[in-house]
Amino acid sequence: MLEIRGICKSFGGVRASRDVTLTVPEGHITSLIGPNGSGKTTLFAQITGFLKPDAGSVHFLGEDITGMAPEAIARRGMVRTFQIVQPFTGQTVRENIAVGAHLHRASRADALARAEEVAHRVGLGDRLDLDAASLTVAGRKRLEVARALATDPKLILFDEVLAGLNPSEIRDVIPVIRDIRQSGITIFMIEHVMQAVMSLSEYSWVLNQGEVIAEGTPAEIVTDEKVIEAYLGKGMAKRIAERQGIHA
Amino acid sequence: MPDLAIIVPSLLNGLTTGALYALIALGLTLIYGVLHIINFAHGALLMVGLYAVWFLNTRLGIDPYVALLIVPPAMFVLGYGLQRGIIGRASHGRDENILLVTLGLSIVIENLALYFFRSDTRIVDTPYSFETVEFLGAFLPLPKVIAFFGALISAAALWLVMSKTDLGRAIRAIARERKGAQLVGINADHVYAMSFGLGIACLGVAACLLLPSYYVTPSVGHGFVLIAFTIVVLGGMGSFVGALIGGLIIGVVEALGGLFLGESLGQIGIFVIFILVLMFRPQGLLGHKV
Amino acid sequence: MRQLVILAVVFAFIAAAPAIITSEFTQNVIIMVLYAALLGQAWNILGGYGGQFSFGHAAYFGTGAYTVAVLQVQLGVNPWIGLVIGALFSMAVAAFIGFATFRYGLRGSYFALVTLAFAEVLRILSNSVGFTGAGVGILIPLAPGAANMQFETKTGFFFLIWVLTLSSFLVVWWIGHSRFGASLAAVRDNEDAARALGVNAFRVKMGAIMLSGLFSGLAGIFYAQYFLYLDPYIAYGPAISVESLLVPIIGGMGTLFGPLLGAAALHVVSEATRELIGDVPGISLALYGALLVVMVMFMPRGLAGLLARLGVRRRAASGEMPRA
């Protein structure tokens, strides 16, 4: 569904993406993980048109969308959420979601109706007329999801929708994400909460210093030597293996 | 094509005017660099300075150059008070609000001047008003030559304040890292107001240097405000050297534009430069791409 | 729907004014309030709903005014035709300025300053070319008659400005209830988030600046026909740009009725000062400036915001729950 080939991007001397090639298959939840500063959000920005890659290409549904504007990409059915939530403050929850709903609905009434429906789906049904600014962090994260969902996308890119939530809030949101997948929308997510990655995603790509260092099912990833080293530092994989050896 | 005998004096005239523009722009760029706000009342405050110099001269007989001891400190106090009392409280997190508030201030100041001084053009009469200096075959008015060197010396003095004094260090610290500077005990509101005061004091100096070869009316600031913005943008927002060079360039462009296109159309050159620079190189001619 | 009803009632009420009020002075005040409301509503579309603060709305106002005047004086074109052409020209100037600024991503204070610079360029140009009458200005010859848009009574001008102003309010009502308006507000509140949801921010801002320029131009056309004289300072000077933004800022930016409230309040203030102090140059404008400072500092939501808050409090007091 989504194919990224040889994406490179650098800022001054810093190379944020180094020849990144990966694919996201239709109908699944794919995750993108990696330590802080590994270039995950930068990659998302390049996929969704907010940044232009220096080299490489992005194909969505077989079409080359490299360098297209974000709104053009959204119209083709791929939307993103933001890691740092970006509500339209001063507008109500309903109005916020309606902006997304308007993408394929010209009528105001239709968009507002759709906004209400989506709000119920993500658990914001009781806060429709509140100012978006008055929502809690968890509420704002749900709003990000709702707005994206309201555009009737084929593929959603979630940028750390679970970050900053407490364990019980995470437990509440995970079924929402699963429900989105169930409704036929493909999901590509950046996530730090490993619990969520393990329980939600079927396939993972691991980024470190702008490079893909591993891929596989979450179960394979967590035992991958390179991944452990990227997260915990050199030599850790060996020590963990030794310790597990002792306990075994 | 006019010959060299016309172009050279015009060029030198442009440079002397440009140095004053640079001084005015230095005040603006200092305020922008530290507070990240655009002071729309800059022209109106220059006008206040000019009236102060005129008033001291005609009522108390104080020479404009002696007024350098009085007007800039007074302008500093005015600037400090404006920032602390009004401008600093108005943003509500949007920089456009500062622009609106300083626009409002400039309207108030200008119309109060109109009320008190009426729209008559005022000049000062000094013994040296019509003396000239010969340079490269051109005769330059003495006050403009003094203004040129005065502006350069003031710019150097401002640079010294910024780089060598504790105040300058505090200003630079807070411009770069507000939170951090506050953590080490710098009083942000005070430093902001000091910076604003310094920027306005530059206008006081410019007023003293300018009036002997110029005039004052309530709307005299209009002409300067967009020019100062143009210089600041051209030199890169917040850049000192940029403002100096930008000022000289604009002075020359204006003089040559006036020569080739006529007084009225010549001004367009400045606005066109302003628009083009903002569109294509908002980081300024000397700045680096962010 | 409720807003549309209020709008109909308010404008019907205003329409009855000339039948009741026969004093030319008062009729003139009402005309000038409607004219200021039109000017303010034009700015409100781009500034209030779109969040793009223009300091140079005189560019559109002056273009409309000069177009209708120059066409009459130089080419003998009827002002009713001139109205259509002038409105289109104003829109074209807005499209040009919008393209030049939005294409290059100018926002916030930079946008404000560049729009001001454009207006100044037009002022200098109109001061330098011959067909506008340059610095001397342009005088539209007296030719009374509705066919020449020079009504013999104030009532005729009243209904002209009534129609123009009402049309601007209807468009703004539509903005508040349409996809275009929702997109515009989204761009105002967070451009990146709006684009991520498929909003073409550039196109939306272009739409807003063109509508804004259109109504500003219509205000200029009305001005030219009402006063029959223009010069570069009147048409393209900063006074019009300031009045354009002052009206909605006082009344309440991004609200339908804000410009009407602001226009009325501004006239009450300026008439009151004239009564109290007399016609002293500077004082009423100084007061405008002070109002601008005070509103931005203490009442950023304007009079409309104040009314809304009072309304909420009253409803809360009567035991009714406020909506949101």
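Note: the structure precedes this text.
These notes cover the structure that comes with them. (Residues numbered from 1 in each chain as written. Chains lettered and ligands numbered in written order. Predicted model: local features only at pLDDT ≥ 70, side-chain atom pairs only at ≥ 80, totals over all residues.)

What follows concerns the packing of helix H5 (residues 142-164) of chain B against helix H6 (residues 166-176) of chain B. Helix-helix packing is described using two parameters, namely the angle between the two axes and the distance between the axes. Residue and element names in this part refer to chain B. Relative orientation of the contacting elements H5 and H6 amounts to 75 degrees, with a least axis distance of 5 Å. Between H5 and H6, the angle is such that the two are roughly perpendicular. Together, Val161, Met162, Ser163 and Lys164 of H5 and Leu167, Gly168, Ile171 and Arg172 of H6 make up the contact between the two elements. Of the residues belonging to the contact of H5 with H6, the class tally is 4 nonpolar, 2 polar and 2 charged. (Axes fitted to C-alpha atoms, helices over the stretch in contact; angles between N-to-C directions. Helix = DSSP H or I, 4+ residues; strand = E, 2+ residues; numbered from the N terminus. Parallel < 35°, antiparallel > 145°, perpendicular 65-115°, else oblique. Contact = placed C-beta atoms within 7 Å. Nonpolar A, V, L, I, M, F, W, Y, C, P; charged D, E, K, R; others polar.)

Here we take up the interface of chain A and chain C. Facing 27 residues of chain A, the contacting portion of chain C comprises 20 residues. Per-class residue counts for the side of chain A that touches chain C are 11 nonpolar, 9 polar and 7 charged.

In this section: the sheet that holds strand E5 (residues 63-64) of chain A. One open sheet accounts for 4 strands, arranged E2-E1-E4-E5 (chain A); its pairing is antiparallel. Edge positions in the open sheet fall to strand E2 (14-24) and E5 of chain A, since each of these has one partner strand only. (Pairing = 2+ DSSP bridges.)

Residues and elements named next belong to chain B. Within the largest apolar cluster, 274 residues are counted, with the highest numbers of intra-cluster contacts made by Ala22 and Ile24. Ranked by residue count, the leading element in this core is helix H8 (residues 188-210), at 16 residues. Setting aside chain neighbours within four positions, we find Ile24 in contact with Leu46, Cys202, Leu203, Ala206, Phe224 and Ala228. (Core = buried A, V, L, I, M, F, W, Y, C linked by C-beta atoms within 7 Å. Buried ≥ 20, exposed ≤ 12 C-beta atoms within 10 Å, placed from the backbone.)

What follows is about the interface of chain B and chain C. Taken residue by residue, the interface counts 33 residues in chain B and 32 residues in chain C. Those elements that provide at least two residues to the side of chain B that touches chain C are helix H4 (95-117), helix H9 (220-235), helix H11 (263-266) and helix H12 (268-280) of chain B. Top contributing element to the side of chain B that touches chain C by residue count: H4 of chain B, with 15 residues.

Below, the discussion takes up the environment of Leu256 of chain C. All names here are of chain C. Secondary-structure assignment places Leu256 in the loop between helix H12 (238-251) and helix H13 (258-277). Sequence-wise, Leu256 and Ile30 are 226 residues apart; in three dimensions their C-alpha atoms are separated by 19 Å. Each residue touching Leu256, except ones within four places of it in the same chain, is listed here: Gln3, Phe169, Val172, Trp173 and Gly176.

What follows deals with the pairing of strand E7 (residues 155-159) of chain A. Side chains on a regular strand alternate between the two faces of the sheet. The buried count for E7 of chain A comes to 5 of 5 residues, which makes it a mostly enclosed element. Judged by which residues are buried, E7 of chain A turns out to be covered on both faces: Leu155, Leu157 and Asp159 of chain A on one side and Ile156 and Phe158 of chain A on the other are all buried.

Residues and elements named next belong to chain A. Within the open sheet, the 6 strands sit side by side as E6-E7-E8-E3-E9-E10. Their pairing is mixed. Because the sheet does not close on itself, it has two edges, and the strands there are strand E6 (78-80) and strand E10 (211-216). Adjacent strand axes in the sheet meet at a mean angle of 15 degrees, parallel and antiparallel pairs treated alike.

Residues and elements named next belong to chain A. Spanning 14 residues, helix H5 (residues 137-150) covers 20 Å between terminal C-alpha atoms, matching the ideal 20 Å at 1.5 Å per step. Judged by how many residues are buried, H5 sits mostly within the fold: 11 of 14 residues are covered. Buried residues of H5: Arg140, Lys141, Arg142, Leu143, Glu144, Val145, Ala146, Arg147, Ala148, Leu149 and Ala150, and no others. On its buried face, H5 is in contact with E6, helix H3 (93-101), helix H4 (108-121), E7 and helix H6 (167-182). Positive phi appears at Asp152, one or two residues downstream of H5, with a value of about 55 degrees. (Expected span 1.5 Å × (residues − 1).)

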